[in-house]
Amino acid sequence: MYLIELHDKLDEASVKQMLPRLPLRWRLLMLLEHDVSTRTLSRPEQGRALHDSGIYRGDIDGLRAVAVLIVLLFHTGISPLRGGFVGVDVFFVISGYLITKAVWHELQHGTFSLVSFYERRTRRIFPALVVTIAVTLLCAPLILFPSERMTTIWTGLAALTSFSNIYLAFETLGKSGYFAADAYSQPLVHTWSLGVEEQFYLVFPLILLAVSGLGRWRAGAVVAATALASFLFGVWLTGANRDLAYYVPLSRAWELIAGALLVFAPLPRLPARMRDGVAIVALALILASAYRFHGGLPFPGVIAVAPVAGAVLLIAIGSMGGSCVTRLLALPPFVGIGKISYSLYLWHWPIFVGVALVTGRAPTVPEAAGLVLASLVAAYLSWRFVEQPFRKRQIGRTARSLWMQAGAACCLCCLVGLGILYATAKAPQTESDRLAAYITYDDRAVYRRGTCFLIGYQQTVADFASPDCLAPSTVKPNILVMGDSHAAHLSSGFDAALPKAHVMQATSSGCEPLVGARGDPSCIELMQTMFEQFLPQNKPDVLILSARWADYDLPLIAETLRQVKDKAGTVVVSGPIVEYQRPLARLLAQVASGRSEALLVDSRMTDQAQRDRDLQALVEAAGAVYVSPYRLLCPNPDAACTTMAGDVPLQWDYGHLTAEGSKALAQAIIATGAIPGAQTWQVKAP
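Values in this document were obtained by computation on a predicted structure and should not be read as measured data. (Residues numbered from 1 in each chain as written. Predicted model: local features only at pLDDT ≥ 70, side-chain atom pairs only at ≥ 80, totals over all residues. Heavy atoms only, no water.)

Caption draft 1: Broad picture of the overall build of the protein. Looking only at helices and strands, the protein has 30 helices and ten strands in total. Total accessible area on the protein is roughly 29,700 Å²; 62% of this is exposed by carbon and sulfur atoms. (Helix = DSSP H or I, 4+ residues; strand = E, 2+ residues; numbered from the N terminus. Areas by Shrake-Rupley, 256 points an atom, 1.4 Å probe, with all protein chains shown as cover.)

Pasting the structure below:
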């Protein structure tokens, strides 16, 4: 009791003066009860886990290995981990825990310095990043076409200032989404996560500094409130615009703070068996998220809690004495990969993208294994010869010399990047350059995006322009095109090919035109309105249903056809279109550069052919009309499909039509005679 009572009576200086005069037993007890985080005597927290900033945690390096391997397997494109992007969320939690633990320890000892903090961040992040960017920029003219070079160069230069996430959110990927095919032509797109972290650490240390005098629990409450505010904002922004939510730090900060909260709220020690059980559940949360999540889900948002909670629990269990999982993660193979995880994350994507762009297709299993191995080798070399010399102060020994070298490296990269842009602008445009420019095709006017074609996760039915999109004609036959983007890309073609008909459009991304379909709420609401109100009241002459059909849609297609057969003069189902593993515009540019036309065959997806046959059998059995874009474009499966509409690529990305391609396909469909009366709605050639 005597020692406890000293807690409120003596400061640290008084304790130091008393220690020499006390018996040895008391001195030992007082030292054991001395809390270095508050520099006061405190009651021992028996049965609780504490976080010593000086103890190395091998299991955390092992958790880093899990995170980066999930990302790598996801990016190979052949693993079942469709949600491997959650590895980045695990990295955020780890970073938030380790950085906060170190900063809070220094704040409580009066040794924290913002200058020293940012010096350490620079040593940790910048050297490997600048080398990766420099090598990528130098290789860009050898692999990338002019339109791709511009995006890569500006992304790289933005990454040097830790703002590539903002650049990508507002200038590049906001047009197509992170999960769009063109991400595979951007070798530096993955630097967005570094931007989120560095922007977070511009602010969070200042928050810690402001609350450092409040004590551990009160400071933790403030930090927790900050996390909650970020989480709620992230959930709202994900619902409003998930592309933007993916990149901005305000919607991601709670993930880093989730790790930080462990520093302020030591958890009760659990029995060994309970720790094992919790750790297994935590690892399962991470792995299940990587397996079950996919690019179509509203992420980040509420569902991001799963991988974040898994990472938080594993770190917490490791501080309580460990578990079977944390001991597994502390084994040398995991620790070794964890130590090079930062360089591995940096280097793997440029390597993967470079090979993917050259081959024009997804890798085989042996090729994917080779890519992973090459990434590991590059990561080790980067860790050994770039990261370590700077972290050990063998290079840039002082803060001044470090920042001078960093500034010089930034200037050099800027000169290289701007030089490439200048040379590209001055070079004469080749045919391959012209074709490659369609990779960045603007479909907004052609698909009537935002009015008659909604982006399901960004817009609501209130944004749908019914007077422009669904105004039946009283003098022309009415054609209604319903579906997702694979319906939107047909609408302009039918409108151009059938001037004597009136084409209406009700399309949205995020679901199929089916009764009982699942997907984005706004898309489902639009389709329900069409099935339950518009069709019964207006009965168009021709109803065309088109979507990027999947095998699981077949039962719903049969039921939908049964319900709409009396709500339109003719019901037409448009089957799958030919799809490619890489943007068709890029493949055509490669062929124009000298590659064999076999590239067009090798890159073609193969599962559409069987789906086309299955869908035709089902539709015709239901008494509806079936048209097959796949067979119209690919009559010979062993040869290249029709890929050009005049001098314009038929499709600009993996499968979406250009305006010229849409008209060419619509004319081919009309020429089959499958749509009754359609040939009489064309303008006869003089």
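Caption draft 2: Representation of the state of the cysteines in the model. Using the criterion set out here, one finds three disulfides in the structure. Covalent S-S linkage joins C452 and C469, the inter-sulfur distance amounting to 1.9 Å. Across the S-S bond of C452 and C469 the torsion is about -90°, and the bridge reads as left-handed. Of this pair, C452 sits in the loop between α21 (444-447) and β3 (453-454) while C469 sits in helix α22 (residues 466-469), and the two are 17 residues apart along the sequence. Note on cysteine connectivity: C511 is disulfide-linked to C523, with sulfurs 1.9 Å apart. Torsion about the S-S bond of the C511 and C523 cystine: about -80°, corresponding to left-handed handedness. (Disulfide = S-S within 2.5 Å.)

Caption draft 3: Spatial organisation of the side chain of H489. Tracing the backbone shows H489 in helix α23 (residues 485-497). A polar contact of 3.0 Å, which involves the side chain of H489, links it to the backbone oxygen of H486. A polar contact of 3.1 Å, which involves the side chain of H489, links it to the backbone nitrogen of L657. Setting aside anything within four residues of it in sequence, one finds H489 in contact with Y447, I577, G655, H656, L657 and S662. (Polar contact = N/O pair within 3.5 Å; in protein donor to acceptor, adjacent residues only side chain to side chain. Contact = heavy atoms within 4.5 Å.)

Caption draft 4: Region of the structure containing the pattern of salt bridges. In total, this model carries 21 salt bridges according to the counting rule given. When the shortest N-O distance is used, the salt bridge between E148 and R586 registers 2.7 Å. With E148 in helix α7 (residues 146-160) and R586 in helix α26 (residues 584-592), this residue pair connects regions lying 438 residues apart in the sequence. Here E148 and R586 have matching classes, each one buried. (Salt bridge = Lys/Arg side-chain N within 4 Å of Asp/Glu carboxyl O. Buried < 20%, exposed > 50% of the residue type's maximum accessible area, 1.4 Å probe, protein only.)

Caption draft 5: Spatial organisation of the sheet that holds strand β8 (residues 625-627). Reading across from one edge, β3-β5-β4-β6-β7-β8 is the order of the six strands in this open sheet, with parallel pairing throughout. Strands at the two margins of the open sheet, each flanked by one partner only, are β3 and β8. Bridge analysis of strand β4 (residues 478-483) against strand β5 (residues 502-508) gives six bridges, and the strand direction is parallel. Bridge pairing in β5 links G483 to T507. Across the sheet, α23 touches β3, β4, β5, β6 (542-546) and β7 (570-574), and the angle it forms with β5 is around 165°. Its contacts with the sheet place helix α28 (residues 607-621) against β7 and β8, and it is angled at close to 165° to β8. (Pairing = 2+ DSSP bridges. Axes fitted to C-alpha atoms, helices over the stretch in contact; angles between N-to-C directions.)

Caption draft 6: Geometry of a nonpolar patch on the surface. Together, L373, V377, Y380, L381 and F385 make up a nonpolar patch on the protein surface, roughly 500 Å² of accessible area in all. On the basis of relative accessible area, L381 is assigned to the partly exposed category, the value being 42%. (Patch = residues over 30% accessible without salt bridge, like charges linked within 9 Å, V, L, I, M, F, W, Y side chains within 5 Å.)

Caption draft 7: Region of the structure containing the environment of A65. Mapped onto the elements, A65 comes out in helix α4 (residues 58-76). Put simply, A65 and Y342 are 277 residues apart on the chain and 9.7 Å apart in space, counted from C-alpha to C-alpha. Leaving out residues up to four positions away in the same chain, A65 has contacts with F334, I337 and G338.

Any link to function would need more than the numbers given here.
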